[in-house]
Amino acid sequence: MYDLSSKERIDLTKFVVENTNLPVVSTGTFSSSFAENVDFMKKIYDTGVHAVVLIPSVMVKKEESDSVLQNSFDEILNRTGNIPLGIYECPSPYSRLISPEMLDTLQKTGRFLYFKDTTCDAAKVVKKIAITSNSALGIYNAHSPDVLHSIQHGGAGMSCIAGNYYPELFSY
């Protein structure tokens, strides 16, 4: 996704939305600039996606604190109206995990529907599932070996790269 131009990202998202009957989420943050992210998020949302996904490791620098990240989330929430949102703890350009406490704060806004968890820690995933259990926010595990455990504990599903290569196995 990082190697595509903005136009290619939008065109690819439109294609997927138009050719599936499933809810689609698509990434909307590729810059540390609020203005650039908000503008692109609105364009992605206009493609018909179910939610626009935020990538914390793009929104703030590695050395910046969680309070700076929370401020970034707040700024985006304030500038994007009622666009439904998601979060992907993408390990690139660096791994930026969301603490259960921050996740609790974010889910209370009512704007978040999708969370792609990459902690690879089954106990932390279960804690995040518990935090979001009475909200619209679903936890989707990205770590293939933990998917079944996550689902057994109330996780909304899986969102791992392996699902792109052998979706039949995961749907089974």
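Residues numbered from 1 in each chain as written. Predicted model: local features only at pLDDT ≥ 70, side-chain atom pairs only at ≥ 80, totals over all residues. Heavy atoms only, no water.

A.B. asks: Sorry, what's going on with the overall build of the chain here?
C.D. replies: A count of helices and strands for the chain gives nine helices and six strands. Relative to the 2.2 N^0.38 estimate, which gives 16 Å for 172 residues, the radius of gyration of the chain is 15 Å and therefore close to what a compact globule would have. Taking the principal axes of the C-alpha coordinates as reference, the chain spans close to 40 × 40 × 30 Å. Evaluated residue by residue, the chain yields a buried proportion of 44% over its 172 residues. For the chain, the share of sequence-separated contacts (at least 6 apart) that also reach a separation of at least 24 residues comes to 67%. (Helix = DSSP H or I, 4+ residues; strand = E, 2+ residues; numbered from the N terminus. Rg over C-alpha atoms; globule rule 2.2 N^0.38 Å. Buried < 20%, exposed > 50% of the residue type's maximum accessible area, 1.4 Å probe, protein only. Contact = heavy atoms within 4.5 Å.)

A.B. asks: Even after reading the chapter, I still don't get the pattern of salt bridges, so can you show me in this structure?
C.D. replies: Oppositely charged side chains can form a pair if their charged atoms are brought close together. Taken as a whole and assessed by the stated rule, the structure comprises seven salt bridges. The salt bridge partner of D39 is K43, with a shortest N-O separation of 3.2 Å. Taken together, the residues D39 and K43, both in helix α2 (residues 34-45) and four residues apart, mark about one turn of the helix. For K43, a relative accessible area of 42% translates into the label partly exposed. (Salt bridge = Lys/Arg side-chain N within 4 Å of Asp/Glu carboxyl O.)

A.B. asks: When you look at the nonpolar core in this model, what are you seeing that I'm missing?
C.D. replies: If you look at the biggest cluster of nonpolar residues, it comprises 29 residues, and the most contacted ones within it are L54, F73, L85, I98 and F112. Counting only elements with at least two residues in this core, the list comes to α1 (6-18), α2, β2 (51-54), α4 (66-79), β3 (85-88), α5 (100-107), β4 (112-117) and α6 (122-132). Take this core: its biggest share by element is four residues, from α4. When residues no more than four places from it in sequence are discounted, the contact partners of F73 are L54, P56, M59, I87, I98, M102, L106 and F112. (Core = buried A, V, L, I, M, F, W, Y, C linked by side-chain atoms within 4.5 Å.)

A.B. asks: Would you mind going over unusual backbone geometry with me for this structure?
C.D. replies: Here the residue pair S92 and P93 is connected by a cis peptide bond, since its omega of 10 degrees sits within 30 degrees of zero. With respect to the helices and strands, the residue P93 is situated in the loop between β3 and α5. Of note, the phi angle at C120 is positive, near 60 degrees, even though the residue is not glycine. Relative to the helices and strands, C120 resides in the loop between β4 and α6.

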